[in-house]
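Letter by letter, the chains look like this.
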Amino acid sequence: MTGNLYRGQAGLPFSSSLRVYEPLEAFPPEQQRQLVADSSKIRSRAAVENAELQASLGRITRTGGDPFPTGRTDLVRMTRVPGGRHTAADGATDATTGASAQDKDTPDAGRLLYCPSQLVIRAGLAANALMDGVHSPLADLLIPVSQRDKHQARIDRINAGEEAKRVHTRASTWGIPFSWFSLFAESDRKDVVESDGHILTVRVWTPLTEALDRARFAVAHLALAAPDLDMLDDLTQLTEWLELFHVQSMVELDYGAVADKVYPDESPMDVRLGIECLAEGDMTGAAAAYRRLASRWIPIRQLARAS
């Protein structure tokens, strides 16, 4: 299957991801060896996205009614922390040639960080969320109980090891949670991936320490100014999640295909201004920031209900 699958997103819903990339020493020894082995097979970031999407489509159409990943193989994304000079991340991929920025760097250009896909655990979490949600009757039809039990056994085997302690990826469909934007600033590094006049994705990067400082700032101010806001709960959970990772990690916001609809995007600035205005008691300014966010993202979320 060609790169056209990655470029076209196969007509699937817009999906965005928040990922944490950790240094090799943050993983247990057995997983370190597996990460190095898996990463040695990677040609480019586009190849990883292609493989993941192809595998997901394959699970939907395979016989036997089991839509879950088996865990026999897992994908890993990598990025390189800049050394003495600025080095683009592996995510800065030429979508036409498939060559990545990392392919053009020297070995000492920076330090490699890793983000394993952890598809088995994430699929289990997604299934549980579906079962607990408003669409649970539909979930019973789509995911037979026998297959859920079979997948739970896979999760139990993983949970018996050390690698299950931290789930490195959070995903969102039909829009990006506003709380995610609070982790980033306008000055953070951005990788814009384009092909044939379209933006395939935009990836924004920031050090974990910066993301944590911004999240804690937002939590502190919202706790005082708007304690009933749903975003406060989201930010509290985000902060607790980020605190699980190695201090030298990097955080990536991957817009996915929705970037073509919203980029250039000023959402990180609007979220920051909205929180600052709430903290200062400026309800007019906070309302204006929210209106800008809503005008940008509500039309995207409405697509989830479009026929």
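What you see is a predicted model; the values in this text were computed from it and never measured.

S.K.: In this structure, what is going on with the side chain of Arg19? I would like to understand it.
M.R.: Within the secondary structure layout, Arg19 lies in strand E1 (residues 15–23). Given a relative accessible area of 3%, Arg19 falls into the buried group. Engagement of the side chain of Arg19 in a polar contact is seen with the side chain of Ser17, the distance being 3.4 Å. A polar contact is formed between the side chain of Arg19 and the side chain of Glu252, at a distance of 2.8 Å. Among residues more than four places away in sequence, those in contact with Arg19 are Arg45, Glu49, Arg77, Cys115, His168, Thr169, Met250, Val251, Glu252 and Asp254.

S.K.: Explain helix H8 (residues 208–225) to me, please; I cannot follow it from the model alone.
M.R.: Compared with the 26 Å implied by 1.5 Å per residue over 18 residues, the 26 Å span of H8 between its first and last C-alpha is a close match. Here H8 has its buried residues at Leu208, Ala211, Leu212, Arg214, Ala215, Ala218, Val219 and Leu222. Along the axis of H8, the buried residues cluster in a sector spanning 165°; they form a single face.

S.K.: Even after reading the chapter, I still don't get the confidence of the model for the chain, so can you show me in this structure?
M.R.: Mean pLDDT over the chain stands at 80; residues scoring 70 or higher make up 67%. Across residues 84–108, confidence stays below pLDDT 50; counting only partners more than four residues off in sequence or on other chains, it has 57 contacts.

S.K.: Just to check I follow, could you spell out the packing of aromatic side chains for this structure?
M.R.: Here a ring pair, both rings aromatic, is described through the centre-centre distance and the interplanar angle of the planes. Going through the model one piece at a time under the given rule, you end up with 5 aromatic pairs. Aromatic pair Phe14 and Trp174: ring centres 5.6 Å apart, planes at 70°, arrangement edge-to-face. Of the two residues, Phe14 sits in the loop between helix H1 (4–8) and E1 while Trp174 sits in the loop between strand E4 (169–173) and helix H7 (178–181), which places them 160 residues apart along the sequence. Residue classification places Trp174 among the partly exposed residues on the basis of a relative accessible area of 24%. Ring plane angle 40° and centroid distance 5.7 Å describe the contact between Phe181 and Trp297, whose orientation is recorded as tilted. Pair noted here: Phe181 is in helix H7 and Trp297 is in helix H12 (residues 283–302), with a separation of 116 residues, a long-range link. The same class applies to Phe181 as to Trp297, namely buried. Pairwise contacts between aromatic rings join Phe181, Tyr255 and Trp297 into one cluster. Between Arg166 and the ring centre of Phe27, over which it is positioned, the NZ or CZ distance is 5.8 Å. The ring of Phe178 has Arg301 lying over it, and the distance from NZ or CZ to the ring centre is 4.7 Å.

S.K.: Help me understand the pairing of E1, please; the structure alone is not making it clear to me.
M.R.: Regular strands place side chains that alternate from one sheet face to the opposite one. Where burial is concerned, most of E1 is hidden: 8 out of the 9 residues are buried. Relative to E4, E1 runs antiparallel, the two sharing 5 bridges. Within the sheet, the bridge partner assigned to Arg19 lies in E4 and is Thr169. In this sheet, strand E7 (residues 250–254) lies alongside E1 in antiparallel orientation, the contact comprising 5 bridges. Each bridged residue has a counterpart across the sheet, and for Arg19 the counterpart in E7 is Glu252. Bridge count for E1 against strand E3 (residues 110–116) is 2 bridges, and the pairing is antiparallel. Its bridge partner being in E3, Glu22 is matched across the sheet by Tyr114.

S.K.: So what exactly am I meant to see when it comes to the side chain of Ser249 here?
M.R.: Locating Ser249 in the fold gives a position in the loop between helix H9 (230–242) and E7. The class for Ser249 is buried, based on a relative accessible area of 2%. Among the polar contacts listed, one links the side chain of Ser249 to the backbone oxygen of Tyr21, at a separation of 3.4 Å. Within polar-contact distance, the side chain of Ser249 engages the backbone oxygen of His246 at 2.7 Å. Each residue touching Ser249, except ones within four places of it in the same chain, is listed here: Val20, Tyr21, Glu22, Pro23, Leu113, Pro207 and Leu208.

S.K.: Sorry if this is basic, but what is going on with H9 here?
M.R.: The terminal C-alpha atoms of H9 lie 19 Å apart, and with 13 residues this matches the ideal 18 Å at 1.5 Å per residue to within 8%. Three or more residues of H9 are buried, namely Met231, Leu232, Leu235, Leu238, Thr239, Trp241 and Leu242. Elements in contact with the buried residues of H9: E1, E4, H7, H8, E7 and helix H11 (267–279).

S.K.: Even after reading the chapter, I still don't get the pattern of salt bridges, so can you show me in this structure?
M.R.: Oppositely charged side chains are able to pair whenever their charged atoms sit close together. Taken as a whole and judged by the stated rule, the model has 20 salt bridges. For Glu49, the salt bridge is made with Arg77, and the minimal N-O distance between the two is 3.0 Å. Pair noted here: Glu49 is in helix H3 (residues 45–61) and Arg77 is in strand E2 (residues 76–82), with a separation of 28 residues, a long-range link. In this structure, the salt-bridge partner of Asp270 is Arg296, at a minimum N-O distance of 2.9 Å. Of this pair, Asp270 sits in helix H11 while Arg296 sits in helix H12, and the two are 26 residues apart along the sequence. Assigned by exposure class, Asp270 and Arg296 land together as buried. Put simply, Arg19, Arg45, Glu49, Glu52, Arg77, Arg203, Glu252 and Asp254 are held in one network by salt bridges that share partners.

Conventions used here
- Residues numbered from 1 in each chain as written.
- Predicted model: local features only at pLDDT ≥ 70, side-chain atom pairs only at ≥ 80, totals over all residues.
- Heavy atoms only, no water.
- Helix = DSSP H or I, 4+ residues; strand = E, 2+ residues; numbered from the N terminus.
- Buried < 20%, exposed > 50% of the residue type's maximum accessible area, 1.4 Å probe, protein only.
- Polar contact = N/O pair within 3.5 Å; in protein donor to acceptor, adjacent residues only side chain to side chain.
- Contact = heavy atoms within 4.5 Å.
- Expected span 1.5 Å × (residues − 1).
- Arc of directions from axis to C-beta.
- pLDDT = per-residue confidence, 0-100.
- Phe/Tyr/Trp six-rings, centres within 6.5 Å; stacked < 30°, edge-to-face > 60°.
- Lys NZ or Arg CZ within 6 Å of the ring centre and 35° of its normal.
- Pairing = 2+ DSSP bridges.
- Salt bridge = Lys/Arg side-chain N within 4 Å of Asp/Glu carboxyl O.

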